[in-house]
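# Breakdown of the fold
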Amino acid sequence: MAATPLPAGKSSAAALDPLDLYDVRGMLTEEERLVQDSVARLVDAEVLPRIREAFEQHRFPKELVPQLAALGLLGSSIQGYDCAGLNAVCYGLICQELERGDSGIRSFVSVQSSLCMYPIYAFGSEEQKRRYLPAMARGELIGCFGLTEPHGGSDPANMKTHAKKRGGDWVLNGAKMWITNGAIADLAVVWAMTPEGIRGFLVEKGSPGFAAPEIQHKFSLRASVTSALYFDNVTVPEARVLPGVVGLKGPLSCLTQARYGISWGVIGAAQACLSEQLAYTATRQLFGRPLAQNQMIQVRLAEMARRITSAQLLALQLGRLKDAGTLQPAHVSLAKWNNCRMALDVARDCRDMLGGAGISAEFAAIRHMLNLESVITYEGTETIHQLTIGRQLTGLNAF
Ligand code: TGC
Ligand code: FAD
């Protein structure tokens, strides 16, 4: 059968999904695709219509929490305790779809799931698991994770926040900085130095001496709550200390979970930017032709697709390693570094290709770009992950 003549200027390449050139979706199981689709629907119906206003108003859309919970997205990898028990690839896809909406929504789920529910599940007593995990899965109890301190977050081994034993209780003093969810949290997982080493403390909202003021005037992650945490002789009963871990390994294990999710999440932000850009350059007419019909523009779009595709394949293999139980922290560092850098570069370039319109909230690129400035910094800066890989390659610690 003769081929239908193509309109002038159109290529004859078979249609590929521009946001998934290597058909990563085709490598997913049916369950993984169902999870991705259900989160995508939530993002389209509930996140995208309100996120611009929330970002402008510097407001976390807390009204979304019951819907995130109803879909099983809080503590989705945990088995039991009313959690969904999904695999690691599903968790990655959840993060990817949420971050297609906004990094702030993915941050909320990362912190609740990987940084708060995970340590209670992995290191908590049975009583702590029963007390907190089902309520956190239902979104009735919000958590935050306090590791970073005002004097320097990259080196948490040097923390000043400390706890001392007084009778059967602990007394906690110190300060944490840049804490996601802090001001809206019912429970803070706080890492503090003790005579035995670093331990995890579960500090409930309203504990005398505990304050969590919100940090205002952020230009990034405006649809997310970020706070300081202050502890002034806060009494924590022994029953609220995580019994299962002592040392930096405790918080770093949580970071491995969250960094894994971020490595997937940022792909969603990059896809949102590329998708918007393809539509814009197809319709914007300059010099008598669509912007998309310029070599320089096509090279830039192709570069984005190349980097998104590489990040997708890397994330999928990372997920398969995690599900096989062979994931190492260095795998996660490489992915967090590569994928955050990819997404930030894509968002910045999309912002530029929108011209003046690129600084308007009407387009998503600048919102994603500003958010990604946080995402490349938190959970270990780009330099920290580069040095982690350097240490892995050379066996020499250069921190
Ligand atoms: P090091 O000697 O390497 O390790 C100490 C112990 O921890 C173990 N370990 C890990 N375990 C699990 N996962 C990892 N990624 C681990 N890395 C190390 C290690 O085996 C050892 O165990 P053991 O049994 O021998 O004691 O420790 P170090 O002091 O050399 O670490 C250096 C460095 C720089 C890698 C570490 O301090 C680091 O990662 N710094 C960055 C801090 C960071 O990422 N902070 C993030 C705060 S939370 C946040 O940003 C949340 S944002 C959330 C959101 O809104 O989405
Ligand atoms: P610093 O550690 O002071 O680093 C400053 C600069 O020095 C960076 O560029 C860094 O890469 C560089 N640097 C550090 N060490 C070296 C070295 N050895 N060699 C070369 N360069 C180096 N933390 C939490 O505990 N919980 C949270 O929920 C949380 N949420 C956050 C939300 C937001 C929006 C932000 C922005 C941060 C959040 N953080 C949270 C804190 C985050 O993890 C830290 O900002 C991050 O780890 C970096 O720490 P820092 O800001 O103190 O920078």
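Structure's up top.
Everything in this summary refers to the structure shown in the same document.

## What to know about empty space enclosed by the protein
Summed over the entire model, instances satisfying the criterion amount to one cavity of 30 Å³ or more. In this structure, the largest cavity spans a volume of roughly 30 Å³. Lining of the largest cavity is provided by Leu147, Thr148, Glu149, His151, Gly152, Gly153, Asp155, Pro156, Asn158 and Met159. Grouping the constituent residues of the lining of the largest cavity by class yields three nonpolar, five polar and two charged.

## Digging into the site of ligand 2
The full set close to ligand 2 counts 18 residues, and Thr148, Gly153, Ser154, Trp178 and Thr381 are the nearest of them. Separating an oxygen atom of ligand 2 from a backbone N or O atom of glycine 153 is a distance of 2.6 Å. In the complex, the protein chains occlude 67% of the 980 Å² of accessible area that ligand 2 would expose alone. Those elements giving two or more residues to the shell around ligand 2 turn out to be β3 (169-180) and α10 (382-394).

## Quick word on the state of the cysteines
This structure, assessed with the given rule, holds zero disulfides. There is no disulfide at cysteine 83, and the cysteine sulfur nearest it, in cysteine 116, is 13 Å away. Using a relative accessible area of 13% as the deciding quantity, one classes cysteine 83 as buried. Left unpaired, cysteine 273 is separated from the closest cysteine sulfur, that of cysteine 350, by 5.1 Å. Overall, the relative accessible area of 0% leaves cysteine 273 in the buried class.

## Some details on the nonpolar core
Leu68, Leu98, Phe108, Phe145 and Trp191 are the most contacted members of the largest nonpolar core, which totals 52 residues. Elements with a contribution of two residues or more to this core: α1 (30-56), α2 (65-70), α3 (88-101), α4 (103-123), α5 (126-137), β4 (187-194), β5 (197-204) and α6 (249-283). For this core, the element with the highest residue contribution is α4, accounting for nine residues. Once you skip the residues sitting within four places of it in the chain, leucine 98 turns out to touch Val39, Val43, Leu68, Leu73, Ile105, Arg106 and Val109.

The rules behind these values
Residues numbered from 1 in each chain as written. Chains lettered and ligands numbered in written order. Predicted model: local features only at pLDDT ≥ 70, side-chain atom pairs only at ≥ 80, totals over all residues. Heavy atoms only, no water. 1 Å grid on protein atoms, 1.4 Å probe; cavity = no way out; pocket = protein on both sides within 12 Å on 5 of 7 lines; lining within 4 Å. Points joined across faces, edges and corners; volume = space filled by probe spheres on them. Nonpolar A, V, L, I, M, F, W, Y, C, P; charged D, E, K, R; others polar. Near = heavy atom within 4 Å. Polar contact = N/O pair within 3.5 Å; in protein donor to acceptor, adjacent residues only side chain to side chain. Areas by Shrake-Rupley, 256 points an atom, 1.4 Å probe, with all protein chains shown as cover. Helix = DSSP H or I, 4+ residues; strand = E, 2+ residues; numbered from the N terminus. Disulfide = S-S within 2.5 Å. Buried < 20%, exposed > 50% of the residue type's maximum accessible area, 1.4 Å probe, protein only. Core = buried A, V, L, I, M, F, W, Y, C linked by side-chain atoms within 4.5 Å. Contact = heavy atoms within 4.5 Å.

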